[in-house]
Amino acid sequence: MVSVLLPDGSRKDYPDDSTPLAVAESIGSRLAKAVVAAVVNGKVVDSRRPLVESAEAAGTDPAQPISLKLLTDRDPEALSVMRHSAAHIMARAVMRVFPHVGLAFGPTLPTGFYYDFDMPDPIREDDFPRIEAEMGKIIAEAETFDRFELPRGEALQLCADLGQALKVQHLQTGLADHASLSFYRQGEFVDLCRGPHIPDAGRIKAFKLLSVAGAHFKGDASGRTLQRLYGTAFFSQKDLDAYLTQIEEAKRRDHRVLGKQHNLFHISQDVGPGLALWLPKGAVVRGTLEEFIKHELVARGYTPVYSPHVGRVEMYETSGHFPYYRDSQFSPIFGHPGGSLVDRWITLLADNGLNPGNERKFLEFAPFLDVKIDNYPIGGSVEEKLAALRSWQGMQERYLLKPMNCPHHVQIYKSQQRSYRELPVRLAEFGTVYRHEQSGELNGLLRVRGLTQDDAHQFCTPDQVENEFLETVKLVQFVLGSLGLDNYRVQLSLRDPGSDKYVGSEENWQRAEASLRRVLTDLQLPFEPRAGEAAFYGPKADFMVKDCIGREWQLGTVQLDYNLPERFQLEYIGADNRAHRPVMIHRAPFGSMERFVGVLIEHFAAAFPLWLAPEQIRILPISEKQNEYAGQVEQALKGRGFRATTDLRSSKVNAKIRDAQLELIPYMLVVGGKEAEQGTVTIRDRLDPEHQQSIPLAQAIELFQTEVRERKIRQTKKVPEATGLHGGEGVEENAY
RNA sequence: GCUAGCGUAGCUCAACGGUAGAGCACCGGUUUUGUAAACCGGUGGUUGUGGGUUCAAAUCCCACCGCUAGCUCCA
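Residues numbered from 1 in each chain as written. Chains lettered and ligands numbered in written order. Predicted model: local features only at pLDDT ≥ 70, side-chain atom pairs only at ≥ 80, totals over all residues. Heavy atoms only, no water.

1. Quick look at the sheet that holds strand 10 (residues 180-186)
- Taken together, three strands build an open sheet; the order of strands is 9-10-11 and the sheet is antiparallel. Lying at the two open borders of the sheet, with one neighbouring strand each, are strand 9 (146-151) and strand 11 (189-192). When strand polarity is set aside, the average angle formed by the axes of neighbouring strands in this sheet is 30°.
- Relative to the sheet, helix 6 (residues 152-161) contacts strand 9, strand 10 and strand 11, its axis offset from that of strand 9 by approximately 115°. (Pairing = 2+ DSSP bridges. Helix = DSSP H or I, 4+ residues; strand = E, 2+ residues; numbered from the N terminus. Axes fitted to C-alpha atoms, helices over the stretch in contact; angles between N-to-C directions. Contact = heavy atoms within 4.5 Å.)

2. Remarks on empty space enclosed by the protein
- Taken as a whole, this structure holds three cavities of 30 Å³ or more when the rule is applied.
- If you add up the space inside the largest cavity, you get close to 120 Å³.
- Along the wall of the largest cavity there are 13 residues; nearest its centre are Phe608, Pro609, Leu610, Arg686 and Leu687.
- For the lining of the largest cavity, the residue count by class is eight nonpolar, one polar and four charged. (1 Å grid on protein atoms, 1.4 Å probe; cavity = no way out; pocket = protein on both sides within 12 Å on 5 of 7 lines; lining within 4 Å. Points joined across faces, edges and corners; volume = space filled by probe spheres on them. Nonpolar A, V, L, I, M, F, W, Y, C, P; charged D, E, K, R; others polar.)

3. What about the confidence of the model for chain A?
- Mean pLDDT over chain A works out to 91, with 96% of the residues at or above the 70 mark.
- The low-confidence segment residues 728-735 (pLDDT under 50) makes 20 contacts with residues lying over four places distant or belonging to another chain. (pLDDT = per-residue confidence, 0-100.)

4. Notes on the sheet that holds strand 23 (residues 527-531)
- Sheet architecture is open: eight strands sit in the order 16-20-21-28-25-24-22-23, paired in mixed fashion. Looking along the sheet, the strands with just one partner apiece sit at the ends: strand 16 (303-304) and strand 23.
- Two strands pair when backbone bridges link them, and strand 24 (residues 540-546) and strand 25 (residues 552-561) are joined in this way by six bridges, in the antiparallel orientation. Bridge assignment links Lys540 to a residue of strand 25, and that residue is Gln559.
- Where helix 18 (residues 506-522) meets the sheet, it contacts strand 22 (488-494), strand 23, strand 24 and strand 25, and its direction lies at approximately 160° from that of strand 22.

5. Here's the deal with the protein's contact with RNA strand B
- Every one of the 56 residues lining RNA strand B counts as a neighbour, but Met404, Ser439, Glu441, Glu624 and Ser650 are closest to it.
- Among the atoms of RNA strand B close to the protein, meaning within 4 Å, 47% are from sugar or phosphate groups.
- Within the backbone of Gly673, one N or O atom sits 2.9 Å away from a base oxygen of RNA strand B.
- Here a base nitrogen of RNA strand B sits 2.8 Å away from a polar atom, N or O, in the side chain of Gln692.
- Looking at the surface near RNA strand B, the elements that each hand over two or more residues are strand 12 (206-216), strand 13 (225-234), helix 9 (255-261), helix 12 (321-325), helix 22 (653-662), helix 23 (673-678) and strand 32 (680-685).
- Here the element with the most residues in the surface near RNA strand B is helix 22; it accounts for seven residues.
- A breakdown of the residues in the surface near RNA strand B according to their chemical character gives 18 nonpolar, 22 polar and 16 charged. (Near = heavy atom within 4 Å. Polar contact = N/O pair within 3.5 Å; in protein donor to acceptor, adjacent residues only side chain to side chain.)

6. With respect to the packing of helix 6 against helix 7 (residues 165-172)
- As a packed pair, helix 6 and helix 7 sit with axes 8 Å apart at the nearest point and diverge in direction by 160°. Considering the angle they form, helix 6 stands roughly antiparallel to helix 7. For the pair helix 6 and helix 7, the sense of crossing is left-handed. Two secondary-structure elements touch here, helix 6 through Arg152, Ala155, Leu156, Cys159 and Ala160 and helix 7 through Lys167, Val168, Leu171 and Gln172. (Parallel < 35°, antiparallel > 145°, perpendicular 65-115°, else oblique. Left-handed = near helix turned anticlockwise from the far one by under 90°.)

7. Here we look at the packing of aromatic side chains
- According to the stated counting rule, one finds 20 aromatic pairs in the structure shown.
- Taking 4.4 Å as the distance between ring centres and 5° as the angle between the ring planes, the aromatic pair formed by Tyr324 and Phe536 counts as stacked. Of this pair, Tyr324 sits in helix 12 while Phe536 is found in the loop between strand 23 and strand 24, placing the two residues 212 residues apart along the sequence.
- With centroids separated by 6.1 Å and ring planes inclined at 75°, the aromatic side chains of Phe642 and Phe704 adopt a geometry described as edge-to-face. (Phe/Tyr/Trp six-rings, centres within 6.5 Å; stacked < 30°, edge-to-face > 60°.)

8. As for the packing of helix 10 (residues 280-299) against helix 20 (residues 593-604)
- The geometry of helix 10 relative to helix 20 is characterised by a closest axis approach of 11 Å and an angle of 110° between their N-to-C directions. As summarised for this structure, helix 10 and helix 20 are arranged roughly perpendicular, according to the angle between their axes. The handedness of the crossing between helix 10 and helix 20 is right-handed. Where helix 10 abuts helix 20, its residues Val285, Arg286, Leu289 and Glu290 lie against Met593, Glu594, Phe596, Val597 and Leu600.
- Among the residues making up the contact of helix 10 with helix 20, the classes are represented as six nonpolar, no polar and three charged.

9. Some points on the pairing of strand 28 (residues 583-588)
- Extensive coverage of strand 28 is indicated by the burial of six of its six residues.
- Taking every second residue as pointing to the same face, both faces of strand 28 are buried, with Val583, Ile585 and Arg587 on one and Met584, His586 and Ala588 on the other.
- Taken together, the five bridges between strand 21 (residues 450-460) and strand 28 define a ladder with antiparallel strand orientation. Bridge assignment links His457 to a residue of strand 28, and that residue is His586. (Buried < 20%, exposed > 50% of the residue type's maximum accessible area, 1.4 Å probe, protein only.)

10. Details of the pattern of salt bridges
- A complete count under the given rule lists 44 salt bridges for this structure.
- Of the charged contacts, one joins Arg48 and Asp146 as a salt bridge, the two residues approaching to 3.1 Å between their closest N and O atoms. You can see Arg48 sitting in the loop between strand 4 (43-45) and helix 3 (51-57) and its partner Asp146 sitting in strand 9, a full 98 residues away along the chain.
- A relative accessible area of 35% places Arg48 in the partly exposed class.
- Asp191 is the salt-bridge partner of Lys167, the closest N and O atoms lying 3.0 Å from each other. Of the two residues, Lys167 sits in helix 7 while Asp191 sits in strand 11, which places them 24 residues apart along the sequence.
- Residue classification places Asp191 among the buried positions, given a relative accessible area of 3%.
- Residues joined in a network through salt bridges with shared partners are Arg92, Arg96, Glu134, Lys137, Glu143 and Glu188. (Salt bridge = Lys/Arg side-chain N within 4 Å of Asp/Glu carboxyl O.)

11. Focus: the domain arrangement of chain A
- Taken domain by domain, chain A holds domain 1 (2-72), domain 2 (77-250), domain 3 (283-306 + 402-604) and domain 4 (617-709).
- Using C-alpha coordinates to define each centre, domain 2 is positioned 59 Å away from domain 4. (Domains from an automatic or database assignment.)

In structure tokens:
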């Protein structure tokens, strides 16, 4: 007998081979019908798998009372289980519709699932109806999902017999240390899978294929392209419809659409991809934010600086940025016509990619580009050749469009001798940097090639690090809070101990990582450590903010750096009259102005609060007779620093109101004969048009001033986080 | 960068082998208006670029550029 402990505290004994489904049956047949999966001793498992087995699989002692929670369609965990099963059903359908389908992975996502297929021809959206129809048939048949386990050798044989090469490969790599593997069979479809699954296909009540795109097996871009088919599934048609509606609504907030509609920014093919043009209205939003942050920085002891947009390549070689990120930078600017020839020459030599034939061609071609390297040792070693080429290169000008501000700020720090008394030195700049992001990554303002960081670098003593870091995190929190961006999480990005892409000593890294942890813990700010996400010079705390479509963007970041001071030989004179090495903190609360404004456009759906609105107030004269008075009102508002215009068109006030409303102008001031006579204005509030008040102009100005001063956020339209729509996170780790 | 899809007027879209069209915007005129669109008229496109097939190409084919989704990357 097994002893089962239910969530209500009751305990009951069942026969040894009982399953959660059997327990449910004993409670009631309606419950049994509703059961989708179960949680046994804390682990989500199949409802048709014996309790004892599940308890063992959970690493617990089945002799002890087994805690059991039955999952029905009301539990979010059940949704994930069902979607995983839906992925299997989709795979089964795809295999029926297309020949020669190889299976890769098919995990769940917070809003659905996907499955990767290796197949000769790509799937097209036109194919969706056929696949969906086949899925519908499978679901209607409501066959069970049957789990079975095989020892390693037999599992390999089965996958090989099924012709599933990728599964075989996965068994031999990712699952190399598993002695026994589980499979699920559903009709003719058998798949290597960890599970769990729903009892039968009939539990899926609503599903839809969403999109298809290329993907790579285990994320390896050098491998062949798989077809990743995305879908979603719900326990009711109503939930599916709600989800689809939500996606539609989110699309309407797309900053690229709103940016165009409201003339905020423009990305012109003629300027170049990823290079944003700030239109006057967008420029107001950005400028206002810049003023806001600059004011905060000065109050917190930062000193503004400026630095040029280019710098010598050598400087970026010292910092490490050039060698580490060369591929994602714009090409260097060479002062000599043969600069890029020699550069290529050096690269090939250093990579041992230069054969004698090519070397001869380089030598022949060099004179045409005016490159004279008389001492090139044709018969010499690679090192000697490199030395000769580098010596030539060293005499030429090479500039880089700056990919980062830190080396420039480092030079500002170094421009004078520093005493411990003046630390921390906090240098701030809205620095524009250029990165040649991959073309497929560009995305409106959210991912661009020219961006302005609200950057600053703090140089401090090792003792000051934690307090500086603490204050900086508080600044980021303040800034995000001021804009009502509260949907964010903090990620502690650490180095991957197994990788060699990092610079600096073990000791420095440990110190830096420990400091970050301590401060975040002291602040009681929940954070998730993520190995392998650090910058090459140091660990960082990243603020990941969610946009309206649920995508996450890294905005603010605070990075701790013991390494650049080392590389640039930075010093300060300590109280002991000896030279010491400072520590650097890199930080950008907004990240970049481009991305930040992009996220804000979606966050506010372009309906900015008064203090940020490109046009704050529009004056609407009823007829041309009031144009003069309207002009006086406009002048009075402008004199108080408001962004106001007057609608002087000859159209009716109805049309003027409609346009102002659609343009999301926070306040309209209607002025007719009455107002002109009495020196008043009638305020029409965009958010509350029903309650209008006619008050003296001076009084209206006071109201607006208060709202701006307090940076009031009166309404943030939020896409509802529809409850019951989302399952848990996808299958992680060694999911198979 | 890779895979797939898509590029028609300032914007949103139609025409899908047979002389490129609508609404909004814009311009001109009439109207002088009290809370989400007054009326009349007009301008505007060698259909992303360059080749090709065809009697004929926005439409079919190729290359390039750009955009979108996903993948890979992100100092």
